[in-house]
There are 2 protein chains.
Amino acid sequence: MHTVIDYLRRNQARFVAELCEYLRLPSVSAQAQHRKEVARCADWLAAHCRLVGLETRIYPTNGHPIVVAKTPRSAVGPGKKSKRIPHYVVYGHYDVQPPEPLDLWNSPPFEPRIRGKRLYARGAADNKGQHFAHLKAVEAYLKTGTPLPCNITFVIEGEEEVGSANLEPFLRKHKAELQADTIVISDTGIPGLRYPALTYGLRGIISFEITIRGPKTDLHSGIYGGAVDNPAHVLCALLAKARAADGRIAIPGFYDDVVPLTDYERRQLARLPLDESDFKRLLGVRRLFGEPGYSTEERRSTRPTFEINGLTSGYQGEGSKTIIPAWARAKVTCRLVPNQRPARIRHLVCNFLRRACPPTVRLEIKAGAGAEPYMISPESPRAQAALRALEAAFGCRPLLMREGGSIPIVPQMSRLLGAEVILLGLALPDANAHGPNENFNLDCFAKGQLLSAHLWQELSRSN
Amino acid sequence: MHTVIDYLRRNQARFVAELCEYLRLPSVSAQAQHRKEVARCADWLAAHCRLVGLETRIYPTNGHPIVVAKTPRSAVGPGKKSKRIPHYVVYGHYDVQPPEPLDLWNSPPFEPRIRGKRLYARGAADNKGQHFAHLKAVEAYLKTGTPLPCNITFVIEGEEEVGSANLEPFLRKHKAELQADTIVISDTGIPGLRYPALTYGLRGIISFEITIRGPKTDLHSGIYGGAVDNPAHVLCALLAKARAADGRIAIPGFYDDVVPLTDYERRQLARLPLDESDFKRLLGVRRLFGEPGYSTEERRSTRPTFEINGLTSGYQGEGSKTIIPAWARAKVTCRLVPNQRPARIRHLVCNFLRRACPPTVRLEIKAGAGAEPYMISPESPRAQAALRALEAAFGCRPLLMREGGSIPIVPQMSRLLGAEVILLGLALPDANAHGPNENFNLDCFAKGQLLSAHLWQELSRSN
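Keep in mind that what you see is a predicted model, and the values were worked out from it rather than measured. (Residues numbered from 1 in each chain as written. Chains lettered and ligands numbered in written order. Predicted model: local features only at pLDDT ≥ 70, side-chain atom pairs only at ≥ 80, totals over all residues.)

J.: Could you give an account of the overall build of chain A, naming the residues involved and the relevant values?
T.: A tally of helices and strands in chain A yields 14 helices and 18 strands. Here chain A has a C-alpha radius of gyration of 25 Å; the compact-globule value for 463 residues is 23 Å, and the two agree. Dimensions along the principal axes, computed over C-alpha positions, put chain A at roughly 85 × 50 × 45 Å. Burial analysis of chain A (463 residues in total) assigns 54% to the buried set. Considering only intrachain contacts with a sequence separation of at least 6, the fraction spanning at least 24 residues in chain A is 80%. (Helix = DSSP H or I, 4+ residues; strand = E, 2+ residues; numbered from the N terminus. Rg over C-alpha atoms; globule rule 2.2 N^0.38 Å. Buried ≥ 20, exposed ≤ 12 C-beta atoms within 10 Å, placed from the backbone. Contact = placed C-beta atoms within 7 Å.)

Dropping the structure here:
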C-alpha cells in the first residue's frame, strides 16, 4: 500500500490537469445541441481508462453511450486458493447538468479554474471529479504493479442527469459479467472534510398530482357562492387531513412498514455536525418542525413525508377575481424510507383521498411509479470496511448518515447485479451541484483517491 | 296613464332605433383609446335627454363625465297642497365593458343587430338599454303633457365598469340637489319575462390575500422534507379550518350580525323558478352543496360565504418538482349579508387566521376595504309599490329576490343621498352582460318602459 499511496501523492498535479481536461468537455446530456460533445466525452473517458491500464469498451445505447472499464486479470494478486476473488463495480456518470444560467458563473462552466482549494467547473463534483478519484486509485495499483485484492469494473454512464433510461436494459443484458460483491458509488456528499461519512440509506419517492374538479367552468362567486362546493376548499381540506398538526402523516397505514431506527443508528446520526440553530439559520425559518420524537437529522433522512410541492387553482394574478374556481390541483411527493414500497404507499394515499373526498366534486389522481428507498445495515462487515477505509483516508472518525433524497438507480442496480451499494460521497455541502459555480474541493479529490485505495483492501478483507 | 301607455306603444320602433344609435357609440371606459368615444357618448346622451325635454348638464370629473337630466318644474302636476312633491333619482351608466374577444361575437359589438326578439350589441343590457327604458317612460309623460306626480333626476355616469371612482365625490358635492325619496336602478336581472322581480337585497364583499412564508427559498424536499414546515400545507390547514365539512363558516363570530330570513322572505324566495336539478345542470356539478337548513336560492343570495378564489404555491408546471415551496398564497373573498360589516368581518377573519397559524411560518394578510351588503324591507310601502308597478307592466305576479353579487355604489348612493335604492333589473339570465353577444330582449325594453311609467305613480302614492 505504501507504494500506491506514494504514487497518488506524487501524481496529484497531473491528476488535477487530467480532470480539467475531462471537465472541458461539455457533456450536457439534456441538450440536443451537445449530443456530439457527449459522445466525444465518452470517447475521451474510454481512451483515458485504456491509458490507466483498464480493459475498456464503449457500449452504444438508445441514448448516450456507457463506458465500461475493467481491471485486467494480471492486476489481481494470487489471493488464497480457498477464496474466490471478489468483484466490485464502481458506478459513475460522465454527463453533466446544463450550465445555465451562465451569467451567475464567476468563470465559464467548461473552462475549469482553480481558486483556493477548489476546482470550479460544471461536473467537477457531479460526477466527473468523484469517479475520477476512483479511477486514479486504481491507476496507482496498476502503474505501481501493486496487486489488487479484487476485480473492479467501472460502469460510467452518460444519462444520469436525464433519468438513466438506458442503464437498466444495459445492466439486464450484461448481468452475468457485472455480477458484483459490492457496488461503490461516489455521487453524494459529506458534511465537511473533517466529517467523512458512509451514506448507508436513501429515501424513496412517489409523486402524485391531485386534481379536484367542481363546476364545469369558473363561477361568479357572487351569483353562486355558498350554493356549490369550492374545489380549492375541498383540496385544502383533503391535504390538511393528510397531515396532523404535529407533523405526523395521518394517512392510515402510512407508517406500517417503516423500520424503526436502532440505538446504534440514532447514536451515529446524533454525531452529525449541524445542530438545530444551524438548520434554522441555513433554511431561514423561525422554528424547525416535524414528527415528534425525532431530531432534525432523523426527520430529514429516516422518516417518510407527505409534502405539497405546488398548488394551483383559480385566479393567481394581481388584485382579486371573484370566482369559484372550476378546479384545483396539488403536486405532492412522498419520501419513503426502508421498508416502505412505492406501490403500497400509492395505494394507501389514493384510498385515503378517495374516501375523504366529498361527493360534490370529482377527484383525479395521477401517481408516478416511484422509486424504492434503499438501505444497507450500518453494522454489516461491508459498512464497517467502508468506515475503516474512510478513517484511513481522512484521518478522523467517520460518520454514518442517511440521505433524505432519492437515487432511483441505487435500488435498481442493487437488485439487478445482486449486490449491496455503498455510497461514499465526496462533495462538500457548498459544491453547488446542479447550480452555478459548481466546484470540487481538491482535498476531497485527493482524499477520495486514498479512500478508494484503502477501500479495495478493506472490502476484500471483509468479503 | 292611458295616454302615456299609448304613446309608449306607438313609438316602440323609434325607441329601438334611438337605442341602436346610442349602442353604436363604443363607450368603453376601461380602454384609453376609447376616451374620445366615451365623451362623444356622454354628449349624445345629454343631447338626447334635452330632446326628451329634460334639463340636462354634463359634469366633467377626473375621469369620464356624468350626465344629469332633470324633469322640468312644469312637468309636475299640482299635487295636494299638504304634500311635498317627491323626488326620485334614476341611476344608470353609459359606459360599457370592453367587447373582447371579438371573434366570439356573431355580429360586431358596436353594430347593433336584431335577431328574433333580441337586440345584440355591447351595452344593450348593461346598461344602456335598461336606463333608456326609464328615459322613454319619462319622455312619454313629457311629450303627452301628462303631469308627473314627482320630480325625477337621471344620474348617468361613465365609469361604472371601472369602479365608479368619481361618483362618490360628485354625489357628495351635489348632495343637496340630489337628495331623493328613492333611488331607482335598473342594472340587474330577472329570472325570465314571466318572472319579473324586485331585488331587495345585495350581498357585500371583502377580499383577502393570505400569504404563508416558510423557508427563505424553495428547499429540496429530499434533503429537508420532514424537518421544516411546508407553507402550502399550513395554508391548506388554515383554509380547511375556516369552513366546516358541512359548509358552515367556522370562523368564530362570523354569523353573529346576520339578520335571519323572515318567513315572508323565505316564501318569496321559494317562488323563484330554478330548482335544484336546474342548478345542477346549469353548473355542471354532481351535487349542490352549502349551509344546512337553506335552499340553493337562499344560500346563493342571503347567506355569507368564505370562498377561495385562487391558490398559488411552488411548482405548477408539467411533471413533478421535489420542493418544499418557500411560500403559498390564497385569494379569498367573503360575501357579506345584511347586517354584516366589512370591517368587522376583516377583523374576525384576520384574528382567526393569526390565532390558527403555527409559529413555524409567517402569515401575511392583505385585506381590501370591502363593500357593504344592502337591503330594504321587502314589506315596506316602497317595495310594495314597486311590486304593483311590476305586476301592472308584466301582467303577472312579480317575485321578490336578493342578489348574491355586490354593487358597491348601491349602499354608497343610499347613504349619500339619504334614500333607499330599489333594484328593478330588466336583463334576462342569458343577456351575456360582460360577455360576447350581449343582448337585450326587446320585450324587456318595452315592459321596462311600462314599469317605469307605472312606478312613478305607485311610488308617489306610497310616499
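Now, onward.
J.: An account of the pairing of strand β9 (residues 204-213) of chain A is requested, with residue identities and associated values reported.
T.: Residue and element names in this part refer to chain A. The buried fraction of β9 is high, at seven of 10 residues. Pairing of β9 with strand β13 (residues 327-336), which is carried by 10 bridges, proceeds in the antiparallel orientation. Across the sheet, I205 pairs through a bridge with R335, a residue of β13. (Pairing = 2+ DSSP bridges.)

J.: Could you give me a rundown of the relation of the copies chain B and chain A, with the residues and numbers involved?
T.: Both copies of the chain are related through a single rotation about an axis accompanied by a shift along the same axis. Taken as rigid bodies, chain B and chain A are interconverted by a rotation of 180° and an axial shift of 0.0 Å, the fit giving an RMSD of 0.1 Å. The transformation just described matches what one would write down for a two-fold rotation axis. Closest approach to the rotation axis among the C-alpha atoms of chain B is made by C236 of chain B, whose C-alpha sits 2.2 Å away. Both copies share a contact surface, since 100% of the interface residues of chain B are interface residues in chain A too. (Least-squares fit on C-alpha atoms with pLDDT ≥ 70 in both.)

J.: Can you tell me about the interface of chain B and chain A, naming the residues and giving the values?
T.: Facing 65 residues of chain B, the contacting portion of chain A comprises 65 residues. Sorting the residues of the side of chain B that touches chain A by element identifies β10 (219-220), α7 (231-242), α9 (276-283), α10 (296-302), β11 (307-314), β12 (323-324) and β13 (327-336) of chain B as the ones contributing at least two each. Among the elements that take part in the side of chain B that touches chain A, β11 of chain B stands out by supplying eight residues, more than any other. Here the side of chain B that touches chain A is composed, by residue class, of 24 nonpolar, 27 polar and 14 charged. Examined bridge by bridge, strand β11 (residues 307-314) of chain A and β11 of chain B share five bridges and lie antiparallel to one another. Looking at the pairing, T312 of chain A lines up with T312 of chain B of β11 of chain B. (Nonpolar A, V, L, I, M, F, W, Y, C, P; charged D, E, K, R; others polar.)

J.: I'd like a rundown of the domain arrangement of chain A, residues and numbers included.
T.: All names here are of chain A. Domain annotation for chain A reports domain 1 (2-202 + 373-462) and domain 2 (204-258 + 304-367). Spacing between the C-alpha centres of domain 1 and domain 2 amounts to 40 Å. Domain 1 puts five residues into the contact, and the matching count from domain 2 is seven residues. Among the residues forming the side of domain 1 that touches domain 2, the class breakdown is two nonpolar, three polar and no charged. (Domains from an automatic or database assignment.)

J.: So what's going on with the environment of G53 of chain B? Which residues, and what values?
T.: By secondary structure assignment, the location of G53 of chain B is in the loop between α3 (35-52) and β1 (55-59). Taking C-alpha positions, G53 of chain B is 7.1 Å from E139 of chain B, a pair spaced 86 residues apart along the chain.

J.: Residue-level account of the nonpolar core, with values.
T.: Among the nonpolar cores identified, the biggest contains 95 residues, and V67 and I183 of chain A are the most heavily contacted of them. For this core, the leading source of residues is helix α4 (residues 124-144) of chain A, giving nine residues. Setting aside anything within four residues of it in sequence, one finds V67 of chain A in contact with A42, L45, A46, C49, T56, I58, Y94 and I156 of chain A. Among the nonpolar cores identified, the runner-up in size contains 94 residues, and V155, I185, M375 and L451 of chain B belong to it. (Core = buried A, V, L, I, M, F, W, Y, C linked by C-beta atoms within 7 Å.)

J.: Please give an account of the sheet that holds strand β4 (residues 113-115) of chain B that cites residues and values.
T.: All names here are of chain B. Read across the open sheet, the three strands follow the order β4-β5-β18; overall the sheet is antiparallel. Because the sheet does not close on itself, it has two edges, and the strands there are β4 and β18 (439-441). On average, adjacent strands in this sheet sit at an angle of 25° to one another, irrespective of strand direction. Taken together, the three bridges between β4 and strand β5 (residues 118-120) define a ladder with antiparallel strand orientation. (Axes fitted to C-alpha atoms, helices over the stretch in contact; angles between N-to-C directions.)

J.: With reference to specific residues and values, describe the environment of A121 of chain B.
T.: Residues and elements named next belong to chain B. Here A121 lies in the loop between β5 and α4 (124-144). With 319 residues separating them in the primary sequence, A121 and F440 have C-alpha atoms 8.2 Å apart. A121 has contacts with L23, P109, F110, P112 and E438, leaving out every residue within four places of it along the chain.

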